[in-house]
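This is what each chain is made of:
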Amino acid sequence: MQYNAKAPYTVETHWQIEEVLDGDSIIISHRFTKMRKEIRLYGLDAPEVKLNRKMKEDEEKSSLPAQLLMQFGLQSLHFVLSVAPPKTAVTIITEQANYYDYWNRQLGYVILPSGICLNELLLQNGFAKATHQYYCGRLAEYQAMNRKAQLKKRGIYKVVKRF
């Protein structure tokens, strides 16, 4: 498999999606050892699916009401479930310089069996926005994908100009 992650990086195979937490976080389990861990998708941020501290921050930053942001979060969650439901085999690529986030979750590019990156699908279809908060070596490309989704009014951008 070839993926344009910033080197050096780690490639982990034989994982499958156990649970989709929201539009930017999943729980995966190893197919043989049954080890479980949470993966936070690199370079993007999807709206929250429940009221919490981050939802309050997002509400203030975006000037959009929490109820609307939650609806967007559920749209993002449903999109992930439609393209990568539980039991989907995945490969995880993690840049060694940016391995964990602030909450000690492993960051990763989630590669689906088709070879397509879940992170990119979310951005291209307008169900997440590019952010430097979960930095990755592909951030500039992710920002361009985000802008294109905005201009084409895809996903959440059908309703709002930004979130």
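Only a predicted model underlies this, so the values are computations on that prediction, with no experimental measurement involved.

## Focus: helix α1 (residues 53-62)
Buried within α1 we find Lys54, Met55, Asp58 and Ser62. Down the axis of α1, the buried set is contained in an arc of 100 degrees. They therefore lie on one face. Next to the buried residues of α1 lie β4 (44-45) and α2 (66-83). Where α1 begins, one side-chain oxygen reaches toward the backbone nitrogen of Lys54, 3.2 Å away; that side chain belongs to Asn52. Phi turns positive, to about 65 degrees, at Ser63, one or two residues after α1.

## Looking at the pattern of salt bridges
This structure, assessed with the given rule, holds eleven salt bridges. With a closest N to O distance of 3.3 Å, Arg40 and Asp24 form a salt bridge. Linking Arg40 in strand β3 (residues 36-41) with Asp24 in the loop between β1 (9-22) and β2 (25-30), this pair joins segments that are 16 residues apart in sequence. Each member of the pair, Arg40 as well as Asp24, carries the same accessibility label: buried.

## Quick word on the sheet that holds strand β5 (residues 89-95)
Strand order in the closed barrel formed by five strands is β1-β2-β3-β6-β5, and the pairing between neighbours is mixed. Sheet twist, expressed as the average angle between the axes of neighbouring strands with direction ignored, equals 55 degrees. The sheet contact formed by β5 and strand β6 (residues 106-111) spans three bridges and is antiparallel. Residue pairing in the sheet places Ile93 in a bridge with Tyr109 of β6.

## Some details on the environment of Trp15
Assignment of secondary structure puts Trp15 in strand β1. For Trp15, a relative accessible area of 5% translates into the label buried. Along the chain, Trp15 and Ala89 lie 74 residues apart, while their C-alpha atoms are 5.8 Å from each other. There is a polar contact of 3.5 Å between the side chain of Trp15 and the backbone oxygen of Thr13.

## Focus: helix α4 (residues 139-151)
It helps to recall that an α-helix has 3.6 residues per turn; residues three or four apart then point in one direction. With 13 residues, α4 extends 18 Å between its outermost C-alpha atoms, agreeing within 8% with the 18 Å of an ideal straight helix rising 1.5 Å per residue. Those residues of α4 that fall on the buried side of the exposure criterion are Leu139, Tyr142, Met145, Asn146 and Ala149. For α4, the buried positions fall inside an angular range of 115 degrees around the axis, keeping them on one side. Counted as exposed and oriented over 90 degrees from the buried face of α4: Ala140 and Leu151. Lys153 lies just past α4 and shows a positive phi near 55 degrees.

Criteria and thresholds
Residues numbered from 1 in each chain as written. Predicted model: local features only at pLDDT ≥ 70, side-chain atom pairs only at ≥ 80, totals over all residues. Heavy atoms only, no water. Buried < 20%, exposed > 50% of the residue type's maximum accessible area, 1.4 Å probe, protein only. Helix = DSSP H or I, 4+ residues; strand = E, 2+ residues; numbered from the N terminus. Arc of directions from axis to C-beta. Contact = heavy atoms within 4.5 Å. Polar contact = N/O pair within 3.5 Å; in protein donor to acceptor, adjacent residues only side chain to side chain. Salt bridge = Lys/Arg side-chain N within 4 Å of Asp/Glu carboxyl O. Pairing = 2+ DSSP bridges. Axes fitted to C-alpha atoms, helices over the stretch in contact; angles between N-to-C directions. Expected span 1.5 Å × (residues − 1).

So yeah, pure geometry; function would need other evidence.
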